[in-house]
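# Residue-level structural notes
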Amino acid sequence: MKKLLLIFVTSIALFSCKDKDNHWELNLNVKEDLGMSNLSGVEVKLQGKKLSSGVYSDVWTDIASATTNGSGNANLHFERDSYASLQLEVVRSQYFTEIITINPDEFSVGEVLEKQTVLTPMSSVLVYLKTTDVSASIDLQVFSSHSKCNCDDMGVFHVEGLDELSKTCYAPGGRYLKYQIDSNGPSGPLQYFDSLYIDPFVQNTLDYIY
């Protein structure tokens, strides 16, 4: 009877070890980049691309998902497989989405892989230009070094001759957005540089009438 009990306990231990060896674990901490406070309610999705019989699939497949708690942590526990590449999609409403690339070789059996990231508040900017004279023209250009801002990617905003322009772009909140205006008209050419503070989570207006 004791021998059978020993075999049973050993079998359970071996099964548990096998189960553990077939899984990887990851913990992601998410903070807001303004003040670096922990961010709860963030949806974290792990996706992978697999090698199957030596064939590489270029399609991202969902593996696991979790939501950050009050400490900004999300834990993902998933079955080990022949992944060629992995990524985390980090999403929260009113924030820019982050994509984190992970090398599968970073995982070790029995250890938790720790990762950190920050999310940036999303704001929009309404650029509004208007000319009030047939001979007038306005050129406005935005300058930003932040990767999440697309206002500078839209090139020069141009309007002329009793016309108006209204376009929306996106910028990180809680920062200043620099811009340059070159206008011309009855009063002659005018050039100046200025900046607009971008309030987080709302639409901000950058307007100029000449």
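Our subject is the structure that appears above.
In this report, the structure presented in the accompanying data block is examined. (Residues numbered from 1 in each chain as written. Predicted model: local features only at pLDDT ≥ 70, side-chain atom pairs only at ≥ 80, totals over all residues. Heavy atoms only, no water.)

Bringing the overall build of the protein into the picture now. Helix and strand counts for the protein stand at 1 helix and 15 strands. For the protein, whose C-alpha radius of gyration is 27 Å, the value lies well above the compact-globule estimate of 17 Å for 210 residues. Expressed along its principal axes, the backbone C-alpha trace of the protein runs to roughly 105 × 40 × 20 Å. For the protein, buried positions account for 36% of its 210 residues. (Helix = DSSP H or I, 4+ residues; strand = E, 2+ residues; numbered from the N terminus. Rg over C-alpha atoms; globule rule 2.2 N^0.38 Å. Buried < 20%, exposed > 50% of the residue type's maximum accessible area, 1.4 Å probe, protein only.)

Glancing now at the pattern of salt bridges. Counted by the stated rule, this structure contains 6 salt bridges. Residue D58 pairs with K49 through a salt bridge whose shortest N-O separation is 2.7 Å. On the accessibility criterion, K49 (10% relative accessible area) is buried. The shortest N-O distance in the salt bridge between E106 and K115 comes to 2.7 Å. Residue classification places E106 among the partly exposed positions, given a relative accessible area of 33%. Owing to a relative accessible area of 17%, K115 belongs among the buried residues under this scheme. (Salt bridge = Lys/Arg side-chain N within 4 Å of Asp/Glu carboxyl O.)

Once that is clear, we can look at the sheet that holds strand β8 (residues 112–119). Ordered in space as β5-β1-β8, the 3 strands form an open sheet in which the pairing is mixed. Both outer strands of the open sheet, β5 (73–79) and β8, are each paired with one neighbouring strand and no more. When strand polarity is set aside, the average angle formed by the axes of neighbouring strands in this sheet is 25 degrees. Here strand β1 (residues 23–32) runs beside β8; their pairing, made up of 8 bridges, is parallel. (Pairing = 2+ DSSP bridges. Axes fitted to C-alpha atoms, helices over the stretch in contact; angles between N-to-C directions.)

Along the chain, Q47 falls in strand β2 (residues 43–52). Classification of Q47 by relative accessible area gives buried; the value is 10%. Within the structure, the side chain of Q47 is placed 3.0 Å from the side chain of D62, a separation counted as a polar contact. There is a polar contact of 2.8 Å between the side chain of Q47 and the side chain of Q87. (Polar contact = N/O pair within 3.5 Å; in protein donor to acceptor, adjacent residues only side chain to side chain.)

The next thing to look at is the sheet that holds strand β11 (residues 157–160). Strand order in this open sheet of 4 strands is β11-β10-β13-β14, and the pairing throughout is antiparallel. Strand pairing shows two members of the sheet lacking a second neighbour, β11 and β14 (190–198), which therefore form its edges. Strand-to-strand twist in this sheet, taken as the mean axis angle between neighbours without regard to direction, amounts to 20 degrees.

So, on to unusual backbone geometry. Trans peptide bonds make up the majority, and among non-glycine residues the majority have a negative phi. Of note in this structure, Q94 is not a glycine but carries a positive phi near 70 degrees. Among the structural elements, Q94 can be located in the loop between β6 (83–91) and β7 (98–102). With a relative accessible area of 46%, Q94 lands in the partly exposed category. For F201, which is not glycine, the phi torsion reads 70 degrees and is therefore positive. For F201, the position within the fold is in the loop between β14 and β15 (203–209).

If you look at soluble globular proteins, the nonpolar side chains tend to sit buried side by side. With 23 residues, the main nonpolar core has L26, L28, L76, L88, V90, I102 and F107 as its most contacted residues. Every element with two or more residues in this core is listed here: β1, β2, β4 (61–67), β5, β6, β7 and β8. Leaving out residues up to four positions away in the same chain, F107 has contacts with W24, E25, L26, F78, L86, I102 and L113. With 22 residues, the next largest nonpolar core counts L129, I138, V159 and L165 among its residues. (Core = buried A, V, L, I, M, F, W, Y, C linked by side-chain atoms within 4.5 Å. Contact = heavy atoms within 4.5 Å.)

Everything listed here is a matter of coordinates, which is why it stays silent on function.
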